[in-house]
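Observations on chain architecture
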Amino acid sequence: QVQLVESGGGLVQAGGSLRLSCAASGITFGINSVGWYRQGPGSQREVVAHINPGGTITYANTVQGRFTISRDHALNTMYLQMNNLKPEDTDVYYCHIRRYGDPDMDYWGKGTLGTVSS
């Protein structure tokens, strides 16, 4: 059974930092498409940072230069380091894995809330 558990959300002032973690069980981050998404009330879920199976990393324009995605294969954990946070970064952040196969399978965590005060 695949399980993704996010942690690290909280309240921070603008300009501050948060480090989100996503611990996986039943699946590994190493050979799949993985990423962080965020969603606010009444908004669509949007990709924040993504690593494709080849290891290429992409970021949303809104977080480029401020956020860093990484993986620890030994711990089977993925991270999102968020620096210089802005109030508009306030959202629920979700961990995602896509396992390619027949069929492809998408797995999501339950999310962790990051709130940035002005």
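This text gives an overview of the structure that appears in the document. Just so it is clear, the model here is predicted, and its values are computed rather than measured.

A few points about the overall build of the protein
Across its full length, the protein carries 0 helices and 11 strands. Reading the secondary structure of the protein in the N-to-C direction produces β-β-β-β-β-β-β-β-β-β-β. For 118 residues, the compact-globule formula gives about 13 Å, and the C-alpha radius of gyration of the protein, at 14 Å, lands near that figure. Viewed in the frame of its principal axes, the protein has a C-alpha envelope of about 45 × 25 × 25 Å. For the protein, the proportion of contacts with a sequence separation of at least 24, taken over those separated by at least 6, is 54%. Element-wise, carbon and sulfur atoms account for 48% of the exposed surface of the protein, whose accessible area totals about 6,300 Å². Within the protein, the 9 negative side-chain charges are centred at a point lying 3 Å from the centre of the 9 positive side-chain charges.

So, the side chain of Asp91
With respect to the helices and strands, the residue Asp91 is situated in strand 9 (residues 91-99). When near neighbours in sequence (up to four residues on either side) are disregarded, Asp91 contacts Arg38, Gln39, Gly40, Thr112, Leu113 and Gly114.

Some words on the sheet that holds strand 3 (residues 18-25)
Spatially, 1-3-8-7 is the arrangement adopted by the 4 strands of the open sheet, whose pairing is antiparallel. If you trace the sheet from one side to the other, it starts and ends with strand 1 (3-7) and strand 7 (67-72), each paired once. Neighbouring strand axes in the sheet, compared pairwise and without regard to direction, differ in orientation by 15° on average. Here strand 1 runs beside strand 3; their pairing, made up of 5 bridges, is antiparallel. Bridged to Ser7 within strand 3 is Ser21.

A word on the state of the cysteines
In the structure shown here, the tally under the stated rule is 1 disulfide. Each sulfur of the disulfide joining Cys22 and Cys95 lies 2.0 Å from the other. Between Cys22 and Cys95 the sulfur-sulfur dihedral comes to about -75°; the bridge is accordingly left-handed. In this pair, Cys22 is assigned in strand 3 and Cys95 in strand 9, connecting sequence segments 73 residues apart. The residues Cys22 and Cys95 share a single accessibility class, namely buried.

Things to note about the packing of aromatic side chains
Counting across every chain of the model gives 1 aromatic pair. Between Tyr37 and Trp108 the ring centres are 4.9 Å apart and the planes differ by 70°, which places this aromatic pair in the edge-to-face class. Of this pair, Tyr37 sits in strand 4 (residues 33-39) while Trp108 sits in strand 10 (residues 105-108); the two residues are 71 residues apart in sequence, bridging distant segments of the chain. With relative accessibility at 36%, the residue Trp108 sits in the partly exposed group. Cation over ring: Arg45 sits above Tyr94, and NZ or CZ is 3.7 Å from the ring centre.

Scoring rules and cut-offs
- Residues numbered from 1 in each chain as written.
- Predicted model: local features only at pLDDT ≥ 70, side-chain atom pairs only at ≥ 80, totals over all residues.
- Heavy atoms only, no water.
- Helix = DSSP H or I, 4+ residues; strand = E, 2+ residues; numbered from the N terminus.
- Rg over C-alpha atoms; globule rule 2.2 N^0.38 Å.
- Contact = heavy atoms within 4.5 Å.
- Areas by Shrake-Rupley, 256 points an atom, 1.4 Å probe, with all protein chains shown as cover.
- Lys, Arg positive; Asp, Glu negative; His and termini not counted.
- Charge placed at Lys NZ, Arg CZ, Asp CG, Glu CD.
- Pairing = 2+ DSSP bridges.
- Axes fitted to C-alpha atoms, helices over the stretch in contact; angles between N-to-C directions.
- Disulfide = S-S within 2.5 Å.
- Buried < 20%, exposed > 50% of the residue type's maximum accessible area, 1.4 Å probe, protein only.
- Phe/Tyr/Trp six-rings, centres within 6.5 Å; stacked < 30°, edge-to-face > 60°.
- Lys NZ or Arg CZ within 6 Å of the ring centre and 35° of its normal.

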